[in-house]
Amino acid sequence: MRPHTGLRALFLLAAPLLLVGAEFALTPAVSATLDEIAADSLKGHVSFLASDVLQGRDTPSPGLEIAGEYIASQFRAAGLELGGKDGYFEPARFITMKPDYSGMRLVFEIGGQTFQPAPDSVSIGRTLRGLDIENAPLVKATIGEPLGDVAGKVVITELPDFGSYAAEERAKLMASMREFSRNVARAKPAAIILLVRREPPRNLNPRLVDPGDPSLADPITLQVYDPGLRKAWETMQGGTATLKLPPPAQEPVMLRNVIGILPGSDPVLKNTYVIVSAHYDHVGVRASGEDRVFNGANDNASGTAAMIEIARAFSKMRVKPKRSLVFIAYFGEEKGLFGSRYYARNPSVPLNQTVANINLEQLGRTDDNDGPEVAGATLTGFDYSEIGLIFAEAGKLTGVRVYKNEKKSDAFFARSDNQALADVGVPAHTFLVVYEFPDYHRPGDEWHKLDYANMAKVVRTAALGVLMIANNPEPPKWNEANPKAAPYLKAWKERKGN
Ligand SMILES: [Zn+2]
């Protein structure tokens, strides 16, 4: 019998750590490895990656290509093994889509009234298809309530105004929204209409689409702003919809994750892997203004630089870590975790043998919006797995307080590339210093604003945490006592079952 008490959970988590801690006195060899991680080297990488020349590393863009070449050159200098299909590069065929609003026609008939929303009050979701629907039945749905038989029909519902709710209520609403989206996609309607309260963004710029994304088979979603239609929706019994939409204009684009491998030193454990990752893209440039470039120094040249330095430090060890380390720089995080989702579907090493993912983000700034964060670091989903406590242990040895941010740790779990690996069952977290900082996603996120001495200390902590996982014969586990980790534990079990 296994009692489900907090105490038992604590015990479960603490037991393997005693082992880890005991094994990990800082030997001179480990100390020398950590000392390889230097403030000036970090500054060198960040100042290049975040320079104006790279134009904010948008996905796709020439600046992103240059950043990718730089990362590959650093992997080459460290002597890492090639981890992609094209040397250090793992090419991914993507498509950019541009909706054709000019050829769009929407007609809704409800209770004798006709609504024809103008194209500039409609936003088209990601799709590679068009719509050609004539007088299909229109079915009212309400988020949080059961969905009837909607196959082949057009579903119309109201998108909640998330911004008007307090955090807790909003989280609940978003969860039921996600469930609604899953249910409605399964029910195979002809299309989904989301009524919104203000003009939706027009998406006139080409948008990135992963042609291998299974959700592309889901029904097309249109956000529609039409106060009259929304009013009619409130009391509607039924109706019809005619939806005409030409397929979007499409252009192929080649994107690249950058992947290098440091083979492990243990004859058995070297066939298992720890992924150390960071996204190397950012959000590009804005159309006007004195400073047009979003440099993305802290987000996420800092994580990329940290990954490079950790790879370099470990490559110099005489006896390498026992498990193999996979270093990955992802494209397209800012556009929706594209690089990491692509990797999870096309991994370089078997996911079944991948025991953990430490994803690195926002490690250089210490001016968190909630107050200064010096000699401190945190993980998202801190107690979803044993990794949080392993890193806390590492921090004790390097003088960095690694802690759970009660307000933000869980809320930010889905906000970076660790999510893609967690979804396929790999214990995966993002390690970071600040969650939100004054220049976040602004042109002012520049390299000279980072505290590199503090960053070196924090990156040494990350390296030590990775080493503790890589050298421990017991892989870290999802926390069975935490219900928030349940979907990931389930994915892990399903994968192990195969
Ligand atoms: Zn980021």
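Residues numbered from 1 in each chain as written. Predicted model: local features only at pLDDT ≥ 70, side-chain atom pairs only at ≥ 80, totals over all residues. Heavy atoms only, no water.

(A) Representation of the coordination of the zinc ion within the structure. For the zinc ion, the full set of protein donor atoms is His279 (NE2), Asp299 (OD), Glu361 (OE) and Glu361 (OE), at a range of 2.0 to 2.7 Å. Taken together, the four donor atoms coordinating the zinc ion span angles of 52 to 155° at the metal, a pattern that classifies the geometry as irregular. The sequence pattern describing where the donors of the zinc ion fall on their chain is H-x19-D-x61-E. One end of the pair, His279, is in strand β13 (residues 273-279); the other, Glu361, is in the loop between β15 (354-360) and β16 (367-368), with 82 residues separating them in the sequence. The exposure classification of His279 matches that of Glu361, with both residues buried. (Donors = N, O, S within 2.8 Å, 3.2 Å for Na, K, Ca; no water. Tetrahedral: all angles 85-135°; square planar, octahedral: opposite > 155°, others 65-115°. Helix = DSSP H or I, 4+ residues; strand = E, 2+ residues; numbered from the N terminus. Buried < 20%, exposed > 50% of the residue type's maximum accessible area, 1.4 Å probe, protein only.)

(B) Local environment of the environment of Arg256. On the secondary structure map, Arg256 appears in strand β12 (residues 249-262). Among the residues examined, Arg256 registers a relative accessible area of 15% and is labelled buried. When the C-alpha atoms of Arg256 and Ala92 are compared, they prove to be 5.9 Å apart, with 164 residues separating the residues in sequence. Once you skip the residues sitting within four places of it in the chain, Arg256 turns out to touch Glu65, Glu69, Phe89, Glu90, Pro91, Tyr280 and Phe331. A distance of 3.3 Å separates the side chain of Arg256 from the side chain of Glu69, its partner in a polar contact. (Contact = heavy atoms within 4.5 Å. Polar contact = N/O pair within 3.5 Å; in protein donor to acceptor, adjacent residues only side chain to side chain.)

(C) Looking closely at the pairing of strand β10 (residues 221-224). Only one face of β10 is buried: it carries Leu222 and Val224, and the other face, with Thr221 and Gln223, is open. In terms of strand pairing, strand β5 (residues 122-124) meets β10 through three bridges, oriented antiparallel. Paired with Val122 across the bridge in β10 is Val224. By the bridge criterion, four bridges tie strand β8 (residues 191-195) to β10 in an arrangement that is parallel. Following the sheet pairing, Leu194 is matched in β10 by Gln223. (Pairing = 2+ DSSP bridges.)

(D) Summary view of the domain arrangement of the protein. Along its sequence, the protein is carved into domain 1 (6-96 + 252-497) and domain 2 (100-247). Each partner contributes residues to the interface: domain 1 has 12 residues there, and domain 2 has 11 residues. Overall, the association of domain 1 and domain 2 removes approximately 890 Å² of surface from exposure, summing both partners, and the carbon and sulfur fraction of that is 67%. Area buried by domain 1 at its contact with domain 2 is led by Ile95, Phe338 and Arg345, which between them contribute 56% of it. A salt bridge links Arg345 to Asp210, with the nearest nitrogen and oxygen atoms 3.0 Å apart. On the surface where domain 1 and domain 2 come into contact, there are four residue pairs in polar contact (both at pLDDT 80 or more). Within the residue set of the side of domain 1 that touches domain 2, elements represented by two or more residues are β2 (89-98), β12 and α8 (338-345). Element by element, the count of residues in the side of domain 1 that touches domain 2 is highest for β2, at four residues. (Domains from an automatic or database assignment. Buried area = accessible area lost by both parts, 1.4 Å probe. Salt bridge = Lys/Arg side-chain N within 4 Å of Asp/Glu carboxyl O.)

(E) Fine view of the packing of helix α2 (residues 28-35) against helix α11 (residues 452-471). It is the contact of α2 with α11, at a shortest axis distance of 9 Å, that shows an interaxial angle of 135°. The orientation of α2 with respect to α11, classified from their angle, is oblique. Crossing angle aside, the handedness with which α2 passes α11 is right-handed. Here α2 contributes Val30, Leu34 and Asp35 to the contact with α11, which in turn contributes Arg460, Ala463, Leu464 and Leu467. Its residues placed into classes, the contact of α2 with α11 shows five nonpolar, no polar and two charged. (Axes fitted to C-alpha atoms, helices over the stretch in contact; angles between N-to-C directions. Parallel < 35°, antiparallel > 145°, perpendicular 65-115°, else oblique. Left-handed = near helix turned anticlockwise from the far one by under 90°. Nonpolar A, V, L, I, M, F, W, Y, C, P; charged D, E, K, R; others polar.)

(F) Expanded view of the pattern of salt bridges. Using the criterion set out here, one finds 27 salt bridges in the structure. In this structure, Arg256 engages Glu65 in a salt bridge whose closest nitrogen and oxygen atoms are separated by 3.4 Å. Residue Arg256 is located in strand β12, and its partner Glu65 is located in helix α4 (residues 62-78); the two are separated by 191 residues in the primary sequence. Taking the shortest distance from any N to any O, the salt bridge between Asp439 and Lys449 comes out at 3.1 Å. Residue Asp439 is located in the loop between β20 (428-432) and α11, and its partner Lys449 is located in the loop between β20 and α11; the two are separated by 10 residues in the primary sequence.

(G) A look at the side chain of Arg57. Relative to the helices and strands, Arg57 is located in the loop between α3 (39-49) and α4. Buried charge Arg57 goes without a salt bridge, the closest partner of opposite sign being Asp299 at 6.6 Å. Reaching out from Arg57, the side chain makes a polar contact with the backbone oxygen of Tyr280 at a distance of 2.8 Å. (Lys, Arg positive; Asp, Glu negative; His and termini not counted.)

(H) Up close: the packing of helix α9 (residues 387-398) against α11. At a minimum axis separation of 8 Å, α9 and α11 run at an interaxial angle of 125°. The pairing of α9 with α11 is recorded here as oblique in orientation. Remark: the crossing between α9 and α11 carries right-handed chirality. Contacts from Ile387, Ile390, Phe391, Glu393, Ala394, Gly395, Leu397 and Thr398 in α9 reach Lys457, Arg460, Thr461, Ala462, Leu464, Gly465, Val466, Met468 and Ile469 in α11. For the contact of α9 with α11, the residue count by class is 10 nonpolar, four polar and three charged.

(I) α3, seen in detail. If you check which residues of α3 are buried, you get Leu42, His45, Val46 and Leu49. Buried residues of α3, seen end-on, are gathered within an arc of 95° and therefore sit on one face of the element. If you follow the buried residues of α3, they end up packed against α4, α7 (297-315) and α11. (Arc of directions from axis to C-beta.)

(J) Main features of the nonpolar core. Within the largest apolar cluster, 79 residues are counted, with the highest numbers of intra-cluster contacts made by Met307, Phe314, Phe327, Leu360, Phe391 and Phe431. Ranked by the residues each element gives to this core, the list is headed by α11, at 13 residues. The next biggest cluster of nonpolar side chains, apart from the first, holds 27 residues, and it includes Ala136, Val154, Leu195 and Met236. (Core = buried A, V, L, I, M, F, W, Y, C linked by side-chain atoms within 4.5 Å.)

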